[in-house]
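The chain contents come next:
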Amino acid sequence: MIKFILMVNKQGQTRLAQYYEFLSVRERVTLEGELIRKCLSRSESQCSFVEYRDYRVVYRRYASLYFIVGIDNDEDCNELAILEFIHTLVETLDKYFENVCELDI
Amino acid sequence: MSGGHLSKEFFELVKSIGESRSKQEEDKIIVGEIAILKQHLSAPNISAKKMKEYMIRAVYAEMLGHDASFAYIHAVKLTHEKNLFAKRIGYLTCNLFLHKDHELMLLLINTMQRDLQSANHIEVCSALASVCRLVNLEMIPAISPLVFKLLSHPQEAVRKKAIVAVHKFFKIVPEAVLDQKDQIRKVLCDPDPSVMGASLHVLCEIAKAHPASSKDLVPSFVSILKQITEHRLPRDFDYHRMPAPWLQVKLLSILSILGTADKAASEHMYEILQECMRRADSGVNVGYAIIYECVKCITRIFPDHGLLELAASNISRFISSENHNLRYLGVTGLAQIVQVNPAYAAEHQMVVVDCLEDPDETLKRKTLDLLFRMTNPQNVVVVVDKLTFHLRTSVDSHLRRDLVQKITSLAERFAPDNEWYVNTMNTVFELSGELVPAETAYNLMRLVAEGAGEDESADTAFRVFAVNTYLKLLEKPTLSDILVQVIAWVLGEYARLATIDGYTIEDIADLLSECIERPFEDPSTRGYLVTALLKLIGQHGLKSTTAEDIIRSYRSSRMTDLQQRCYEFEQLRQSPALMRKVLPYDASCEDIAVNKDLTFLESFVRQKLDEGAKPYQNASERAARAQTQNVPKAEVETKPSLNFMPYIGPTKPQQLPADNSIQMEDKSEVLREHI
């Protein structure tokens, strides 16, 4: 089950945050900060899946924006399917905005 | 995007945030914005249009990490509006701001019920979206009949949202949904594929909870999957020429749940699995995702040799690919195949070892997982070595807890001999004692006490080994609590077996006393040490002044457990024979015989009765006596627990927000009293 979807840029500014489970504002801020630091520190040759606290996190970088999706850990979650879901999301935004970029968001 | 109805302030806000260069700048802008919003919202009679905009700005502020709780109540009020636009924004903001346990939820339930029954399907949709997000346990009886009725609404958007709401109900209260299984099954056959797809999630959860009841749906799922792979769904569902991949993945996971250990059900699936894997092999990431799901399915259902071969060959392609994501999937998939048939792991050993050295942390973790599943008595020593190495070097607490669990379970299952087990457990205790559960320590102590059970001399040799190791360990300045507990217990029981030169019983007692002074996380550890000293002194008749001093000083400790032990020690010390009887050597496994009737006290009782003491009266006799002697007491004044005086009437919300919230709280107080 997807727990949250975030779009964060390289400077750590959250462009979009959608949470499917209640977390207080303070928890959200810490979560976003730690996650973006983790994702930024990974290189291109490492895989797009990270384990963080008790979630599994799938991320993908598009230009300067990181799309981060957190899913339940230890479930029958297909990480690659989620990765493709992120891509579908981007394609849909692209269709809607025509050549979407961070500013649109 | 038309922005004609939005004010200039809004534009300014968005622009400035977009242009801000750093997080601090952004924070400053938002703080300013919140102050402006507070001011606006405190004004009386705000039009719906303006309110909409303020709400959106409040959402913006919250999204960027600042608290905007002053706006919540306005969001709830906005849902009452007749204007559809305003209503939708009201619901949207409520979804984002509130959560199911929020106090303002009570105000929302009524509106939601009304909107769920409205003729306008857009209103129904917005209400349903809120239901999905915000429903809690108390609301379900009120809302669920309405939602179930909506499952047969003519609009498919409504049906889809309704089934998602049903999914949420299931998560909270499974019973509410299980009664309506037939209705949900009808949704599975819905002509609109997106509604059908949404129903898959609920059916998946039901299948996980009650596989037996869903077994008859296997043919339906298989046929749906077949239709999807044959491209019979509308074109819109294709993604990179792959038909409805997420639906395929979901169907495959349902099938894997239903086919576990069920030969008949699994046989239905073999053909479609093969077909699915063949078609999914398209070189796109999505295709690989479907293949991975198929592999997972194959490993779970009743095994079929041909399919397993196919799965294994696909996994070896993944694991040796360049794409790191595929390697990750390959390792995870291999871990699952290995559980069915360990032989497949052998050909990939080199690759697995490479993955272990990979700088990528996630891959390393998954490979460790794979190693854990591949362990057998031959390679257990090597595997545990690797796991221990990672335990030593990693910092993340979740990973460490995981590793500790793995190492302990491996050690318990496959230990080649007792000495190795003790050594491994000692290392684990040393490295991360606080993460080890207490049962592990008990198991270890029991092992030392009972031995392997066959050979008396081997047991004694083992105990000697254990005592020697622990003696040496005690020298270290810092040890984790659980380790000290184990050491104390072992030394207390078997110290006389120590064969290291230079350590007499007195030295051991001194060491233990010195240990008591160390700072401990768990106060009961000192209790362990004191008892160990007790045992030593009792069995060997030691006259150790250091030990006695320590115990006397702890007699006044705050911990009653420790105090009691010290007092018992003082009493017992006065008669060494009694002490030896109470603390016998090597008798930790024998039961203590308890004489329940306390017959040995008969003579004492008789003596006291002769001297004139009152005989014992049990509780009922005592109560009967007390009643006859009772003086009737004055009636206790019963104060009414509910205040029936009317509250001051609610005034119109015209004042500052602080007053507003107090009045709202009053209202909800009244509501709660009357419920």
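Before any of the text, the structure's been laid out above.
Keep in mind the model is a prediction, meaning the values are calculated, not measured. (Residues numbered from 1 in each chain as written. Chains lettered and ligands numbered in written order. Predicted model: local features only at pLDDT ≥ 70, side-chain atom pairs only at ≥ 80, totals over all residues. Heavy atoms only, no water.)

S.K.: What exactly am I supposed to notice about the pairing of strand S3 (residues 49–52) of chain A here?
M.R.: In summary, the side chains of a regular strand alternate between the two faces of the sheet. Residue and element names in this part refer to chain A. Along S3, one buried face is formed by Phe49 and Glu51 and the opposite face, lined by Val50 and Tyr52, is buried too. Where S3 lies against strand S4 (residues 55–62), four bridges are found, and the strand directions are antiparallel. Within S4, the position partnered with Tyr52 by the bridge is Tyr55. Turn length for the S3-S4 hairpin, with the two strands adjacent in sequence and antiparallel, is two residues, and the turn residue Arg53 shows positive phi of about 50°. (Buried < 20%, exposed > 50% of the residue type's maximum accessible area, 1.4 Å probe, protein only. Helix = DSSP H or I, 4+ residues; strand = E, 2+ residues; numbered from the N terminus. Pairing = 2+ DSSP bridges.)

S.K.: What's the story with the interface of chain A and chain B in this structure? I'm lost.
M.R.: How big an interface is tends to be stated in terms of the accessible area lost upon association of its parts. On the side of chain B, 42 residues touch chain A, which itself brings 40 residues to the contact. Across the contact surface, chain A and chain B share one salt bridge. As a salt-bridge pair, Arg365 of chain B and Glu51 of chain A come within 3.2 Å of each other at their nearest N and O atoms. Taken together, the links from chain A to chain B amount to 12 residue pairs in polar contact (both at pLDDT 80 or more). Listing elements by their share of the side of chain A that touches chain B, those giving two or more residues are strand S2 (14–19), helix H1 (25–40), S3 and helix H2 (79–97) of chain A. No other element matches the nine residues that H2 of chain A contributes to the side of chain A that touches chain B. Residue classes in the side of chain A that touches chain B are distributed as 16 nonpolar, 11 polar and 13 charged. (Contact = heavy atoms within 4.5 Å. Salt bridge = Lys/Arg side-chain N within 4 Å of Asp/Glu carboxyl O. Polar contact = N/O pair within 3.5 Å; in protein donor to acceptor, adjacent residues only side chain to side chain. Nonpolar A, V, L, I, M, F, W, Y, C, P; charged D, E, K, R; others polar.)

S.K.: What is the right way to read a negative patch on the surface from this model?
M.R.: Taken together, the side chains of Glu475, Glu506, Asp507, Asp510, Glu514 and Glu517 of chain B present a region of like negative charge at the surface. By secondary structure assignment, the location of Glu517 of chain B is in the loop between helix H29 (505–516) and helix H30 (524–540). (Patch = residues over 30% accessible without salt bridge, like charges linked within 9 Å, V, L, I, M, F, W, Y side chains within 5 Å. Areas by Shrake-Rupley, 256 points an atom, 1.4 Å probe, with all protein chains shown as cover. Lys, Arg positive; Asp, Glu negative; His and termini not counted. Charge placed at Lys NZ, Arg CZ, Asp CG, Glu CD.)

S.K.: Explanation requested: the pattern of salt bridges in the structure shown.
M.R.: Close approach of charged atoms allows side chains with opposite charge to pair. Residues and elements named next belong to chain B. Scanning the entire structure with this criterion turns up 23 salt bridges over all chains. The partner of Arg57 in a salt bridge is Glu9, with the nearest N and O atoms 2.9 Å apart. Of this pair, Arg57 sits in helix H3 (residues 48–63) while Glu9 sits in helix H1 (residues 8–19), and the two are 48 residues apart along the sequence. Given the relative accessible area of 1%, Arg57 is considered buried. With relative accessibility at 33%, the residue Glu9 sits in the partly exposed group. Here Asp216 and Arg185 are joined by a salt bridge, their closest N and O atoms 3.0 Å apart. Within this pair, whereas Asp216 is found in the loop between helix H13 (211–214) and helix H14 (218–229), its partner Arg185 is found in helix H11 (residues 181–188), the two being separated by 31 residues in sequence. Bridged by salt links that share partners, the residues Glu9, Glu33, Glu53 and Arg57 form one connected network.

S.K.: How do you make sense of H3 of chain B when you look at a structure like this?
M.R.: The α-helix advances 3.6 residues per turn, and as a result positions three or four apart in sequence lie on the same side. Helix length check: H3 of chain B, at 16 residues, gives a terminal C-alpha distance of 22 Å against a target of 22 Å (1.5 Å per residue), a fit within 8%. Buried residues dominate H3 of chain B, accounting for 12 of its 16 residues. For H3 of chain B, the set of buried residues is Met51, Lys52, Glu53, Tyr54, Met55, Arg57, Ala58, Val59, Tyr60, Ala61, Glu62 and Met63 of chain B. Looking at the buried positions of H3 of chain B, the neighbouring elements they touch are S2 and H1 of chain A together with H1, helix H2 (23–41), helix H4 (72–78) and helix H5 (84–97) of chain B. Directly beyond the C-terminal end of H3 of chain B, a positive phi value near 105° is found at Gly65 of chain B. (Expected span 1.5 Å × (residues − 1).)

S.K.: Could you clarify how one ought to interpret the nonpolar core in this entry?
M.R.: Inside soluble globular proteins, nonpolar side chains tend to come together where they are buried. In this structure, Leu98, Phe221 and Tyr470 of chain B are the most contacted members of the largest nonpolar core, which totals 213 residues. Core analysis: the second largest hydrophobic core is formed by 25 residues, Leu31, Ile36 and Tyr66 of chain A together with Leu64 of chain B among them. (Core = buried A, V, L, I, M, F, W, Y, C linked by side-chain atoms within 4.5 Å.)

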